[in-house]
Amino acid sequence: MNFTSTYFRILSAERLKMAKSPVWLLILVSPFIALLIGLLSTPSGNWHVLMSAMVSLHGILLLPILTGVFTSLICRFEHAGGGWKQMLVLPLTRTGVYTGKLTIVLLLLTGMQFLLLGCILLAGMIHGITEPVPWGFLASKLLLGLCACVPLAALQMFVSLVWSSFAAPLALNFALTVPNILIVNSATFGPYYPWAQPSILMTPVQGDGFGAFDVPLSTMMIVVGGSAVLFILIGILYFRNKEI
């Protein structure tokens, strides 16, 4: 069976698994918390300021953590009860299986970003912001945050494939996410730290930036794009040669 056929079969199978699992409810967590932060923040009448307040915790902690949760859960079904053996005896390509699972993770993250956009708009309406909605600005920032999740998701997928334990990848991901609070202040290390990249690309910066937020967008996109390709290739090569 070719890659395309495998890819769409995996997408269909994973969609059915997600429908029977409460995992998709996790996409509600971070947008809901962001909404609470937005409603409790001091009204500024400015969309940029409101968005900055609402994406701060989302970008620096919750988004990287939930990325790891999604990748661990997407592999958990196969780690339990010899699921990998049952799947791979079917006429499926391993590259198709890997990319299909990674796509599901990215679709979950996309849904979360869409919900966050809705929460920002709702908070702005409740605060009575009269400025026109800067659709292009809001959408571009949330899209950049999603793009920054691609290398992180690929890296976490690799870790979840290496370790059959469900808790170990989550613990590692949490431990590597917490230092974001300090790393985003570093223009030297922040741009190259996968767990900090979503916050750096998504957070609106008013006036002069600081630390990693002052790094040019072109530089950030080169780093994110290059690391995404590298981590995806590593994951595919590992999975193709992994003994099941």
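Above this text you will find the structure in question.
Now for a quick tour of the structure. Everything numeric in this text was worked out from a predicted model, so none of it was measured.

Points about the side chain of Ser-199
At step 1: In this structure, Ser-199 sits in helix H9 (residues 197-202).
At step 2: When neighbours within four sequence positions are excluded, Ser-199 is seen to be in contact with Gly-59, Ile-60, Val-184 and Phe-213.

Quick notes on the packing of aromatic side chains
At step 1: All chains considered together, the criterion is met by two aromatic pairs.
At step 2: Judged by centre distance (5.3 Å) and plane angle (80°), the rings of Phe-158 and Tyr-238 are edge-to-face. In this pair, Phe-158 is assigned in helix H6 (residues 135-162) and Tyr-238 in helix H10 (residues 217-241), connecting sequence segments 80 residues apart.
At step 3: Among the residues examined, Phe-158 registers a relative accessible area of 25% and is labelled partly exposed.
At step 4: Here Arg-94 stacks its cationic end above the ring of Phe-239, 5.8 Å away from the centre of that ring.

Focus on helix H5 (residues 94-127)
At step 1: For H5, which comprises 34 residues, the first-to-last C-alpha distance of 50 Å matches the rise-based estimate of 50 Å (1.5 Å per residue) to within 8%.
At step 2: In the stretch just after H5, Gly-128 is the one whose phi turns positive, near 75°.

Points about the packing of H6 against helix H7 (residues 167-177)
At step 1: It is the contact of H6 with H7, at a shortest axis distance of 9 Å, that shows an interaxial angle of 145°. Between H6 and H7 the crossing geometry is right-handed. The residues of H7 that touch H6, namely those facing Gln-156, Val-159 and Ser-160, are Pro-169, Leu-172 and Asn-173.

Section: helix H3 (residues 47-79)
At step 1: The end-to-end C-alpha distance of H3, which contains 33 residues, comes to 44 Å, matching closely the 48 Å that a straight helix rising 1.5 Å per residue would cover.
At step 2: At Gly-59, H3 shows its largest kink, close to 50°.
At step 3: Its side-chain oxygen 2.7 Å from the backbone nitrogen of His-48, Asn-46 forms the N-cap of H3.

Description of the nonpolar core
At step 1: Of all hydrophobic cores here, the largest spans 67 residues; its most connected members are Phe-70, Tyr-98, Leu-109, Ile-120 and Met-157.
At step 2: Broken down by secondary-structure element, the contributors of at least two residues to this core are helix H1 (3-20), helix H2 (29-40), H3, helix H4 (83-88), H5, H6, H9 and H10.
At step 3: Residues within four places of Phe-70 in sequence aside, it is in contact with Val-23, Leu-26, Ile-27, Val-105, Leu-108, Leu-109 and Met-112.

Points about the side chain of Thr-103
At step 1: Mapped onto the elements of the fold, Thr-103 is located in helix H5.
At step 2: For Thr-103, the residues in contact, after removing those within four places along its chain, are Tyr-7 and Leu-11.

Here's the deal with the environment of Ala-196
At step 1: Locating Ala-196 in the fold gives a position in the loop between helix H8 (180-183) and H9.
At step 2: Along the primary structure Ala-196 and Gly-59 are separated by 137 residues, whereas in three dimensions their C-alpha atoms are 8.0 Å apart.
At step 3: Setting aside residues up to four positions removed in sequence, Ala-196 forms contacts with Asn-180, Ile-183, Val-184 and Gly-190.

With respect to the environment of Val-150
At step 1: With respect to the helices, strands and loops of the structure, Val-150 is situated in helix H6.
At step 2: In this structure the C-alpha to C-alpha distance between Val-150 and Ile-232, which are 82 residues apart in sequence, comes to 8.8 Å.
At step 3: With residues up to four places along the chain from it excluded, the contact list for Val-150 reads Leu-106, Ala-228 and Ile-232.

Remarks on the environment of Leu-11
At step 1: Its location among the elements puts Leu-11 in helix H1.
At step 2: Between the alpha carbons of Leu-11 and Thr-99 there is a distance of 9.2 Å; along the sequence they are 88 residues apart.
At step 3: Not counting residues within four places of it along the chain, the set of residues in contact with Leu-11 comprises Gly-100, Thr-103 and Ile-104.

Parameters at a glance
Residues numbered from 1 in each chain as written. Predicted model: local features only at pLDDT ≥ 70, side-chain atom pairs only at ≥ 80, totals over all residues. Heavy atoms only, no water. Helix = DSSP H or I, 4+ residues; strand = E, 2+ residues; numbered from the N terminus. Contact = heavy atoms within 4.5 Å. Phe/Tyr/Trp six-rings, centres within 6.5 Å; stacked < 30°, edge-to-face > 60°. Buried < 20%, exposed > 50% of the residue type's maximum accessible area, 1.4 Å probe, protein only. Lys NZ or Arg CZ within 6 Å of the ring centre and 35° of its normal. Expected span 1.5 Å × (residues − 1). Axes fitted to C-alpha atoms, helices over the stretch in contact; angles between N-to-C directions. Left-handed = near helix turned anticlockwise from the far one by under 90°. Bend = angle between axes of the 7 residues up to and from the residue. Polar contact = N/O pair within 3.5 Å; in protein donor to acceptor, adjacent residues only side chain to side chain. Core = buried A, V, L, I, M, F, W, Y, C linked by side-chain atoms within 4.5 Å.

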